[in-house]
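Results of the structural survey
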Amino acid sequence: MCKSLTGYICIIVINIILLTSCASSPTGRSQMILKSDAALEQEGSRQFKQLRETLPLVQNPATIDYVACVTNAIVDVVEGRDADLYWELAVVDQSDVNAYVLPGGKIVVNSGILTMTSNQHQLAAVIGHEVAHVTARHANERASRAAVTDIGVDIAAIILGGGYRNQTQGARNALSTGALLGLLNPFSRLQETEADVVGIRYMAKAGFDPRESVELWKNMNKKNASKIPEYLSTHPSGETRIDDLIAQYPVALEFYNEAKINGVTPDCKL
Ligand SMILES: [Zn+2]
C-alpha cells in the first residue's frame, strides 16, 4: 500500500513537472523544457572554447571566409531571443564529413563538409539545419527528456524491484536499456526532421535555393555506398528525408522568392 502510494505520488509529481514545463518549438510542436537555457548555453560556450583550443582549425582565410559568409547569412534571418545569442563558428581542419552545434549558438563545421557540398546553397542547407537545432532548443529538450527518463526509471525500478537494493538495481539496469533502445532514439529522429523543416526555411529566407538541400542529401547518399560520412550516422538519410524536404518546397520557395525580390542574394564563394 505504502509502496504504491509512493509511486502514485511520484507520478503526480512527474505530471506536474510536465504540465509546468511545456514550451513550443518553432514548428509549433509542444516540448518539455526542464533545464535552464542559461546553464546549457554556459556549458556550450565552455565546450566550444575547449574544442577551439584542441581541434586543428582551418588556417586558409578563403575557406574560413566562405563558411563564415554562409553562416552569417543564415544567422541574420534568425529572429527573437536567438537573434541575440552570441553566435560563433569554428571551421575545423578535419576530413570527416561533419558539422554540429553546441547550445548558445556555437557552430562547428569540419572542412570535410566542403567536399560534399557543391555550392553555397548546399553548405547553407547544412548550416541552416544546425542553426535550427539551436533555435528549436533541441539540446535542452534532449537533456530534459533524459532527466525525466531517469526519474521514470527510478520510480518504475522501485516498484518492480520491491525496494530491495539488488533487485532494484537489476530492474533499473533492464529498464535503462529499454529506455535507451525504445524511448530516446525515435525522439532524436523527430528532432532531425524538425531541424530539416526549420533549416530549409532559414536557408530560403537567407536567399539560398532550398531545392539544393535535396541535392545535398542525394550526394550524401551516393557517397554513403562506399563510406558512411559521419554526418550521416547522426543524421539518418534516405528517401523519407528527401520526400520530407520536397514537401517543404511550397513554403520554402515562397521565402526564397521573397528574399530575391528584396535583394537578399548572398554570393559566398570559395
Ligand atoms: Zn541534425
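The paragraphs below set out a description of the structure included in this document. All of these numbers come straight from a predicted model, not from anything done at the bench. (Residues numbered from 1 in each chain as written. Predicted model: local features only at pLDDT ≥ 70, side-chain atom pairs only at ≥ 80, totals over all residues. Heavy atoms only, no water.)

1. A closer look at the packing of helix 3 (residues 61–76) against helix 4 (residues 120–135)
Contact pair helix 3 / helix 4: the axes reach a minimum separation of 9 Å and the direction vectors enclose 55 degrees. Considered as vectors, helix 3 and helix 4 are oriented oblique to each other. Of the two elements, helix 3 crosses helix 4, and the hand of that crossing is right-handed. Listed contacts from helix 4 to Tyr-66, Val-67, Val-70, Thr-71, Ile-74 and Val-75 of helix 3 are Gln-120, Leu-123, Ala-124, Ile-127, Gly-128 and Val-131. Here the contact of helix 3 with helix 4 is composed, by residue class, of nine nonpolar, three polar and no charged. (Axes fitted to C-alpha atoms, helices over the stretch in contact; angles between N-to-C directions. Helix = DSSP H or I, 4+ residues; strand = E, 2+ residues; numbered from the N terminus. Parallel < 35°, antiparallel > 145°, perpendicular 65-115°, else oblique. Left-handed = near helix turned anticlockwise from the far one by under 90°. Contact = heavy atoms within 4.5 Å. Nonpolar A, V, L, I, M, F, W, Y, C, P; charged D, E, K, R; others polar.)

2. Topic: helix 9 (residues 239–247)
For helix 9, the set of buried residues is Arg-241, Ile-242 and Leu-245. Take helix 9 and look down its axis: the buried residues cluster within an arc of 95 degrees, on one side only. Seen from the buried face of helix 9, the exposed residues on the opposite side, beyond 90 degrees, are Glu-239, Thr-240 and Ala-247. (Buried < 20%, exposed > 50% of the residue type's maximum accessible area, 1.4 Å probe, protein only. Arc of directions from axis to C-beta.)

3. Some words on the environment of Ile-200
In this structure, Ile-200 sits in helix 6 (residues 165–205). Between the C-alpha atoms of Ile-200 and Pro-210, which are ten residues apart in sequence, the distance is 5.8 Å. Look past the residues within four positions of Ile-200 in its chain and what remains in contact with it is Pro-210, Ser-213, Leu-245, Gln-248, Tyr-249 and Ala-252.

4. What about helix 3?
Counted at 1.5 Å a residue, the expected span for helix 3 with its 16 residues is 22 Å, and the 21 Å between its end C-alpha atoms agrees. Regarding helix 3, the residues found buried are Thr-63, Tyr-66, Val-67, Val-70, Thr-71, Ala-73, Ile-74 and Val-75. Residue Asn-60 occupies the N-cap position of helix 3, its side-chain oxygen lying 3.1 Å from the main-chain nitrogen of Ala-62. (Expected span 1.5 Å × (residues − 1). Polar contact = N/O pair within 3.5 Å; in protein donor to acceptor, adjacent residues only side chain to side chain.)

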